[in-house]
Amino acid sequence: MDLLQSSYTDDEEIADAVSPPSENPPPSNAADADASNSSPDSSPVRISLPSKSSAPTVDDTMLALTVTGAKAQTKPLDPTQHVVSFNPTYEQLWAPIYGPAHPYAKDGIAQGLRNHKLGFVEDAAIEPFVFDEQYNTFYKYGYAADPSGNNFVGDLDRLEESGALSVYNIPQHEQKKRKIEKKKEKLEKLGEVDGEEEAGGGVDFSEVDNPASEAWIRKNSKSPWAGKREGVGGELTEEQKKYAEEYAKKKGGEGENEGGNANAGMVDKSTFHGKEEKDYQGRSWVAPPKDAKASNDHCYIPKRLVHTWSGHTKGVSAIRFFPKYGHLILSAGMDTKVKIWDVFNSGKCMRTYMGHSKAVRDIWFSNDGSKFLTASYDKNIKYWDTETGQVISTFSTGKVPYVVRLNPDEDKQNVLLAGMSDKKIVQWDMNTGQITQEYDQHLGAVNTITFVDNNRRFVTSSDDKSLRVWEFGIPVVIKYISEPHMHSMPSISLHPNSNWLAAQSLDNQILIYSTRERFQLNKKKRFAGHIVAGYACQVNFSPDGRFVLSGDGEGRCWFWDWKSCKVFRTLKCHEGVCIGCEWHPLEQSKVATCGWDGLIKYWD
């Protein structure tokens, strides 16, 4: 079109130059002009206007060159144009942009071509693994595969020697050879290779991995710990010997001895706090009063505080009345001490027993009260003489005892049962100091031991949230009680009529189980209202069996009626946890409580 337009313009100029001037001069006035316009011989006035076309602009350079037969030239595409009227070649598509910068990019790259903040980056048709393989191969061997073809670049002579080996394609014999070389280097550094071995004769380095070979022994004899072992086995200095002797004296004999006794490293001693150990008639301070007997069998709920015993520096974990008479009360403290208090007369502390190095968890009297057991977190069980305060014997298995009991039968007062933290119930014969039986069926620490059925059987509870019934002396479970709704039961008490067990459940309720053959849950009796979750609060009965009592985690003591299961009364007893409560065996309306505030309170 440009050529046609230019040729048309040239013809017009030639015609204008050739055409002669007009014979009729232009009119001098408007009337003459009108007369001349109206003349049929006169030609109209030519008005020149710019030519316009509604067709889009088309780059016909390539078309014109093709038509003329000229050789096509490479011309870059304009990045601003949206329509291309011909098929551009690959070189034209990817040719760099020349001329003025793109209006929307500073570096002249079209927005559609930009895929990086610095411009355009071509995609590489190679996997990362293949690239790493060729990269490392090139820097190790000096050659690599050309990704654009099937040839190689780099040191072609070494390529032929190695057989086109790559760093990730090493044959087995080459790998084994390298391992042997590395092991040889290690042995050379350790100085274990003599001149012959360095020359390669006499030693097969493949045997370094064989523990039966001498090479393996020589290699491992110089381990990083060899020097430390030799240093420990050397002679001790005078200061070290002195410290070792003191430590041996302190810890000596802590394990179990031949007689079954264990020494916790602490001297067993006792202090008497009364005026005299015997009265004018020669009776011991432990002897019960002769006139001590129950006035009647009917019990009443206490209302007021009558006495407080305060002698423990830390919390009190358990209390026990003297059997049958209750004129003395024994307390186990978290301050490692056990104290016995007068109940009837002075109300003072009579004796303190010191022999444990950690808090005392449980205590238990013998049937006549002349002796008692203590279980402590120092992993020891001690058998004390109540009157003199001497330790008769000590027992330990290396585990923490959680509960200790004596067989209630009069002819079996030498049999000790202890529930341990290692899921076992251990039975000792205290006369010989030997373990005679182990009951090992629980899946958690044993919390309680309760004798039932005329002491022929006993019930145990554990942290595994189950109850198990055993025949005494036979380590086989005869009844296993475990339900999905059950919780751990850290305290169990036997009803005075021996037909029921009250179990303190950690879901804030007291459950009742029968002690008959079936040992089933009594769903009609359930005592609730107190908060004991997380605490092993003791549960107990009144001597006549009419009331159930229990401490709770908020320092209160709760009383329920046995028949109606309704709350009868609550007493605010302690600051903190009321962990223990016990009804006096003879005084029908007297109750003792203990708590983690270190106090023992007596209620009437």
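Source: prediction; values computed, not measured.

The rules behind these values
Residues numbered from 1 in each chain as written. Predicted model: local features only at pLDDT ≥ 70, side-chain atom pairs only at ≥ 80, totals over all residues. Heavy atoms only, no water. Helix = DSSP H or I, 4+ residues; strand = E, 2+ residues; numbered from the N terminus. Buried < 20%, exposed > 50% of the residue type's maximum accessible area, 1.4 Å probe, protein only. Areas by Shrake-Rupley, 256 points an atom, 1.4 Å probe, with all protein chains shown as cover. UniProt positions renumbered as here; feature names shortened; annotations may be inferred. Salt bridge = Lys/Arg side-chain N within 4 Å of Asp/Glu carboxyl O. Pairing = 2+ DSSP bridges. Axes fitted to C-alpha atoms, helices over the stretch in contact; angles between N-to-C directions. Phe/Tyr/Trp six-rings, centres within 6.5 Å; stacked < 30°, edge-to-face > 60°. Lys NZ or Arg CZ within 6 Å of the ring centre and 35° of its normal. Patch = residues over 30% accessible without salt bridge, like charges linked within 9 Å, V, L, I, M, F, W, Y side chains within 5 Å. Lys, Arg positive; Asp, Glu negative; His and termini not counted. Charge placed at Lys NZ, Arg CZ, Asp CG, Glu CD. Disulfide = S-S within 2.5 Å. Contact = heavy atoms within 4.5 Å. Polar contact = N/O pair within 3.5 Å; in protein donor to acceptor, adjacent residues only side chain to side chain.

Draft legend 1. Representation of the overall build of the protein. When you go through the protein residue by residue, the secondary structure sums to 11 helices and 31 strands. Each of the 604 residues in the protein was classed as buried or not, and the buried ones make up 36%. When the accessible surface of the protein is split by element, carbon and sulfur atoms take 51% of a total near 36900 Å².

Draft legend 2. The arrangement of the UniProt feature "repeat: WD" (unreviewed entry) in the protein in detail. Following the UniProt record, one finds the feature "repeat: WD" (unreviewed entry) at residues 309-343, 353-394, 439-471 and 571-604. For residues 439-471, helix accounts for 0% and strand for 58%, while the C-alpha atoms at its two ends are 10 Å apart. This span, residues 571-604, is 0% helix and 53% strand, and a straight line between its end C-alpha atoms measures 11 Å.

Draft legend 3. How the structure looks around the pattern of salt bridges. One pass over the structure, following the stated rule, counts 14 salt bridges. The partner of E387 in a salt bridge is K278, with the nearest N and O atoms 3.5 Å apart. Of this pair, E387 sits in the loop between β11 (381-385) and β12 (391-395) while K278 sits in the loop between β3 (269-272) and β4 (305-310), placing them 109 residues apart in sequence. In this structure E387 comes out as partly exposed when scored by relative accessible area, which is 26%. Residue class for K278 comes out partly exposed when judged on its relative accessible area of 45%.

Draft legend 4. Up close: the pairing of strand β19 (residues 467-471). Most of β19 sits inside the fold, with four of its five residues counted as buried. Here strand β18 (residues 457-462) runs beside β19; their pairing, made up of five bridges, is antiparallel. What sits directly across from V459, in β19, is V469. Turn length for the β18-β19 hairpin, with the two strands adjacent in sequence and antiparallel, is four residues, and the turn residue K465 shows positive phi of about 65°. Sheet topology note: the β19/strand β20 (residues 474-481) ladder contains five bridges and is antiparallel. Following the sheet pairing, R468 is matched in β20 by Y480.

Draft legend 5. Here's a closer look at the sheet that holds strand β31 (residues 599-603). With respect to topology, four strands assemble into an open sheet ordered β4-β31-β30-β29, the strand pairing being antiparallel. If you trace the sheet from one side to the other, it starts and ends with β4 and β29 (578-583), each paired once. Within this sheet the neighbouring strands show an average axis-to-axis angle of 20°, counted without direction. The pairing of β4 with β31 spans five bridges and is antiparallel. From the neighbouring strand, W309 faces β31, where its bridge partner is I600.

Draft legend 6. A look at the packing of aromatic side chains. Under the definition given, this model contains 28 aromatic pairs. Members of the aromatic cluster, joined through ring pairs, are W500, F527, F541, W558, W560 and W562. Above the ring of Y141, the side-chain terminus of K140 is found at 5.9 Å from the ring centroid. Sitting over the ring of W364, R405 keeps its end group 4.0 Å from the ring centre.

Draft legend 7. Summary view of unusual backbone geometry. Here A164, not a glycine, exhibits a phi torsion of approximately 55°, which is positive. The residue A164 is located in the loop between α6 (156-162) and α7 (172-190) in this model. Taking relative accessible area as the criterion, A164 reaches 36% and is therefore assigned partly exposed. Notably, C565 is not glycine yet its phi reads approximately 65°, a positive angle. Mapped onto the elements of the fold, C565 is located in the loop between β27 (556-561) and β28 (567-572).

Draft legend 8. Quick look at the sheet that holds β27. The sheet built from four strands is open, its strands ordered β25-β26-β27-β28 with antiparallel pairing. Edge strands, defined here as strands with exactly one partner in the open sheet, are β25 (539-541) and β28. Direction aside, neighbouring strands of the sheet carry axes that sit 20° apart on average. Strand direction decides the pairing type here: strand β26 (residues 547-551) and β27, joined by five bridges, are antiparallel. Within β27, the residue paired with G551 across the bridge is C557.

Draft legend 9. Representation of a nonpolar patch on the surface within the structure. Together, I126, F129, V130, F131, Y135, F138, Y139 and Y168 line one region of the surface with nonpolar side chains, adding up to about 830 Å² of accessible area. Overall, I126 belongs to the partly exposed group, its relative accessible area being 31%.

Draft legend 10. Seen up close, a negative patch on the surface. Residues D155, D157, E160 and E161 make up a contiguous surface patch of negative charge. Mapped onto the secondary structure, D155 falls in the loop between β2 (152-154) and α6.

Draft legend 11. Representation of the state of the cysteines within the structure. Taken as a whole and assessed by the stated rule, the structure comprises zero disulfides. Unpaired in terms of disulfides, C537 finds its nearest cysteine sulfur in C578, a separation of 6.9 Å.

Draft legend 12. Structural detail: the environment of K572. Examined against the element boundaries, K572 turns out to sit in strand β28. For K572, a relative accessible area of 48% corresponds to the partly exposed category. Distance in space between the C-alpha atoms of K572 and W558 is 9.0 Å, their sequence separation being 14 residues. Not counting chain neighbours up to four residues away, the residues in contact with K572 comprise E554, G555, R556 and W603. Within the structure, the side chain of K572 is placed 2.6 Å from the backbone oxygen of E554, a separation counted as a polar contact. Side-chain polar atoms of K572 contact the backbone oxygen of H574, separated by 3.3 Å.

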